[in-house]
Amino acid sequence: MAALLPSLLPLRETTTATMHTAAAPKPASSRTSRRRLVTDRLARLFVSAGGLAIIASILGILIFLLVEVMPLTRAATVTAERETTLPVGALAIASDEYRTHAAVVGQDGRLVAVRLADGHESLSVPIFPPLPPLPDGTVALPPKVLAAKALPTESSHFVVASGDGRLATTSIEWRIEFNDKTERSVHPEPLPVVVAEMDPERRPLLAFSAHQDEANVLFAAQLADRRVVVVRREGRTNAMTGEVTESFSREEVAVDRPILEFVVDHDLRNLYAGTATGELLWWSLADGGLSAAPQMLQADPSPVTALSMLIGDRALVVGQQNGALSVWLQVRQPDESIRLTRVRDFERHTAAVTGIAASERNKGFLVLDEGGGLGLYHSTAHRTMWRGTSTLPGTQRIAFTPKDDGALVAADNRLGVLSIRNPHPETTWKSLFGRVWYEGYDGPEFSWQSTGGTDDFEPKLSLTPLLVGTLKGTFFSLILAIPLGVLGAMFASQFMHPRLLRVVKPTVEIMAALPSVVLGFIAGLWLAPLVERHFPALLLAALVLPLMVLLTGLLWRALPLGVRNRFLSGSEVGLYVLALALGVGLCFALAPGFERLALGGDYRHWLLDTTGLPYDQRNAIVVGLAMGFAVIPIIFAISEDAFSNVPRNLVSGSLALGANRWQTVTRVVLPTASPGIFSAIMIGFGRAVGETMIVLMATGNTPIMSWNPFNGFRTLSANIAVEIPEAPQGGTLYRTLFLAALLLFALTFVVNTIAEIVRQRLRRRYSEL
């Protein structure tokens, strides 16, 4: 051995040296560290970029929604476009839809069409036919035209009064032609004139109006002796020859006060008059005509100087000498009578209102006062969109263009053309979120009805019923989802054996994979009729099923401990499922007797008679069951993770100190897991708020402003899905739907922000347990 030591020592030294040499090179280790640092840095940059991209995407969505919504808040703009000299002084004016020509009733008794670009006279026809010669053979002079009014129709239609007590309706039809280069040309063509003799004594009329419905015309006027006369002209066209035969009928009644303004509705069924003492008179011509006493209402002590019907002929705009401007509607009273009611007042003008021109596209109207002031208003939105002064000094006549994009103003033989930009007149904060008194309604209401089929019916764009419907559906779904999801997660996490939990948790999570459209289809076509047929059984289930669960729990606790220990903890859930199945069968068996004894034999009649609530098949209860089924897996999965992440040492310490399992779960585990449970509930809330297909298919999609669980509703998300395919891009409905999307965005953002704040506070509070 001693001899071998010298020979081994060099080897040991060599080996040691070799080992030192092998451990010595640090550059390779340094290169590895740098590679890891670079990798970590790249991963950090990648994660940061992903987070920033998400934030940027959310901000981009918000900015996009704001860009689409902001035009709803913009005010109208009115600009002067051009001025033209007319060949005659204008008594009434109108325009074609492209604002290329103007129709003018001249002071010389002619109907003239003028090209606005250069003032060229394109058409000129006399309005009144010549009078027959006098008995002595003397040729009568042409009648002097005293006044004229433009009527709100699609063509340029006028009613003209002569100095000999006659009224005439005349109009110009604008024929549009396009050549091969798609260049447009407008050709004015006169339509037949209809003349009615109002005063046989040929005296000038005090006030007048008329309206034409195809071949039928109704003339109304007050004569010099204050009699009100209505003349109906009915025209019949021979289908074979095309010959038109006409017949006239006449009614008259004495009125004890001077009338300044008349207006007739489009259906020739209502006649309105404004007096010099500030009263409004209303004759319903379909109910007795002038023979029935008119409904008389005091508008204001000031004389009524202007009247106009808005499109649809359901709203009457009244202008007065003191500058007052108001809107009146026919409103049904509690005794079923109809009464003309003042529903809106606008800001007064500084001078007497002399002209009101109604829009042919919406419930807007243009107002002229004696001082040349102009105002642009919208009735439904109760909105003053623009106030200004006419570009022509001494303006006496105004007219809206048919496309609602311009106006004409006239002063003697000068004509001014105004350009109007007002794309969204229907929207104000009140019309979108407040109560509005719509035409045909008995009072102010929240209502959503985006279209009535024609422009005659005002769109109703209140988002409040949709917001209430969203919260209503969310509330009824969370009533079911929160208790089952949270308590189910607590039982599975704290009382169920891990072997059973590995089966139960994935099964519940698979429920979240069911498509919403499938759940909505099942809820609408199977669940809703089932609930309707067996609703008494559902009422019984609310009492019987909790009782069955309680009895089952007492039975399980009564079993000997030795018997219970033979089963895995949590396996008693099978016994509860069996008890629930028996309870459901018991409810179905007892339902007929319960309905007969407690609900009068028919729960629908009992519900309506007792509470005044009708039962709709697709209602909030059905949605609560279907949407609750969709939300339960989300709340269950997140809550179970929150319960499972509670440190086991807290549970063990509580049990070691003598607390039983239930006390440990409720006083230690539940508070500690509360931040996660709160997050689960908020995520479930967001899922329910944004749900579309289930509420679309299971609620009837009716925008009802009610918390009644037995009727349907419409949510913001479902409304967007239904309406957006029919909304013209850039239109008011289109942008209002984007406002609904912005509301959903804001609602979920606010709720999630509050949830995060609460979660952080709960986390700090229970972090020291």
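Presented here is a report on the structure given in the accompanying data block. The model shown is predicted, which means the values in this text are computed figures rather than measured ones.

### Quick notes on the environment of Asn 660
Mapped onto the elements, Asn 660 comes out in the loop between helix 12 (648-656) and helix 13 (661-689). Relative accessible area serves as the criterion here: at 40%, Asn 660 is assigned to the partly exposed category. A polar contact of 2.7 Å, which involves the side chain of Asn 660, links it to the backbone nitrogen of Gln 663.

### Details of the packing of aromatic side chains
Per the counting criterion, the structure on display carries 17 aromatic pairs. Taking 6.1 Å as the distance between ring centres and 15° as the angle between the ring planes, the aromatic pair formed by Tyr 272 and Trp 282 counts as stacked. Of this pair, Tyr 272 sits in strand 16 (residues 270-275) while Trp 282 is found in strand 17 (residues 279-284), placing the two residues 10 residues apart along the sequence. There is no split in this pair, since Tyr 272 and Trp 282 are both buried. Centre to centre, the rings of Tyr 615 and Phe 710 are 6.1 Å apart; their planes meet at 40°, and the pair counts as tilted. Note that Tyr 615 is positioned in the loop between helix 10 (603-611) and helix 11 (620-644) and Phe 710 in the loop between helix 14 (693-698) and helix 15 (716-723), a separation of 95 residues in sequence. Each member of the pair Tyr 615 and Phe 710 is classed as buried. Clustering of aromatic rings is evident, with ring pairs tying together Phe 535, Tyr 603, Tyr 615 and Phe 710. The ring of Phe 208 carries Lys 149 above its face, with NZ or CZ at 5.1 Å from the centroid. Looking at Arg 184, its charged tip hangs above the ring of Tyr 98, at a distance of 3.9 Å from the centre.

### Concerning unusual backbone geometry
For Asp 404, which is not glycine, the phi dihedral falls at a positive 65°. Inspection of the secondary structure puts Asp 404 in the loop between strand 27 (397-400) and strand 28 (406-411). Asp 404 gets classed as buried once you look at its relative accessible area, which sits at 14%. With a phi angle near 55°, Asn 701 is a residue other than glycine that sits in the positive phi range. Mapped onto the elements, Asn 701 comes out in the loop between helix 14 and helix 15.

### Quick look at the pattern of salt bridges
By the definition in use, this model includes 33 salt bridges. Among the salt bridges present, the one from Glu 439 reaches Lys 363, with a minimum N-O distance of 3.0 Å. Here the residue Glu 439 occupies a position in the loop between helix 3 (429-433) and strand 30 (448-449), and Lys 363 occupies one in the loop between strand 23 (353-358) and strand 24 (364-369), the gap between them amounting to 76 residues. By the burial criterion, Glu 439 is buried, and Lys 363 matches it. Across the pair Arg 604 and Asp 602 runs a salt bridge whose closest N-O atoms are separated by 3.8 Å. The exposure class assigned to Asp 602 is partly exposed, which follows from its relative accessible area of 24%. Each member of the salt-bridge network shares a partner with another, and the members are Asp 199, Glu 201, Arg 203, Asp 225, Arg 227, Arg 250 and Glu 252.

### A closer look at the sheet that holds strand 3 (residues 101-106)
The strand order 2-3-4-5 describes an open sheet built from four strands, whose pairing is antiparallel. Both edges of this open sheet fall to strand 2 (90-95) and strand 5 (121-126), since each of them pairs with a single strand only. With strand direction ignored, the average angle separating the axes of adjacent strands in the sheet is 20°. In terms of strand pairing, strand 2 meets strand 3 through five bridges, oriented antiparallel. Residue Ala 94 lies in a different strand from strand 3, and its bridge partner there is Ala 103.

### Regarding the environment of Ile 638
Structurally, Ile 638 can be placed in helix 11. Setting aside residues up to four positions removed in sequence, Ile 638 forms contacts with Gly 676, Ala 680 and Ile 683.

### Details of helix 6 (residues 516-533)
Within an α-helix, residues lying three or four positions from one another point in the same direction, as the helix has 3.6 residues per turn. Counted at 1.5 Å a residue, the expected span for helix 6 with its 18 residues is 26 Å, and the 24 Å between its end C-alpha atoms agrees. At Ala 523, helix 6 shows its largest bend, some 40°. For helix 6, the full list of buried residues reads Ser 516, Leu 519, Gly 520, Ala 523, Gly 524, Leu 527, Ala 528, Pro 529, Val 531 and Glu 532.

### Concerning the pairing of strand 23
With five of six residues buried, strand 23 lies mostly within the body of the structure. Inspection of the sheet shows strand 23 paired to strand 24 by five bridges, in the antiparallel sense. In the strand pairing of strand 24, Ala 357 is matched with Leu 366. Taking the residues between adjacent antiparallel strands as the criterion, strand 23 and strand 24 are bridged by five residues.

Each value, and the rule that gives it
Residues numbered from 1 in each chain as written. Predicted model: local features only at pLDDT ≥ 70, side-chain atom pairs only at ≥ 80, totals over all residues. Heavy atoms only, no water. Helix = DSSP H or I, 4+ residues; strand = E, 2+ residues; numbered from the N terminus. Buried < 20%, exposed > 50% of the residue type's maximum accessible area, 1.4 Å probe, protein only. Polar contact = N/O pair within 3.5 Å; in protein donor to acceptor, adjacent residues only side chain to side chain. Phe/Tyr/Trp six-rings, centres within 6.5 Å; stacked < 30°, edge-to-face > 60°. Lys NZ or Arg CZ within 6 Å of the ring centre and 35° of its normal. Salt bridge = Lys/Arg side-chain N within 4 Å of Asp/Glu carboxyl O. Pairing = 2+ DSSP bridges. Axes fitted to C-alpha atoms, helices over the stretch in contact; angles between N-to-C directions. Contact = heavy atoms within 4.5 Å. Expected span 1.5 Å × (residues − 1). Bend = angle between axes of the 7 residues up to and from the residue.

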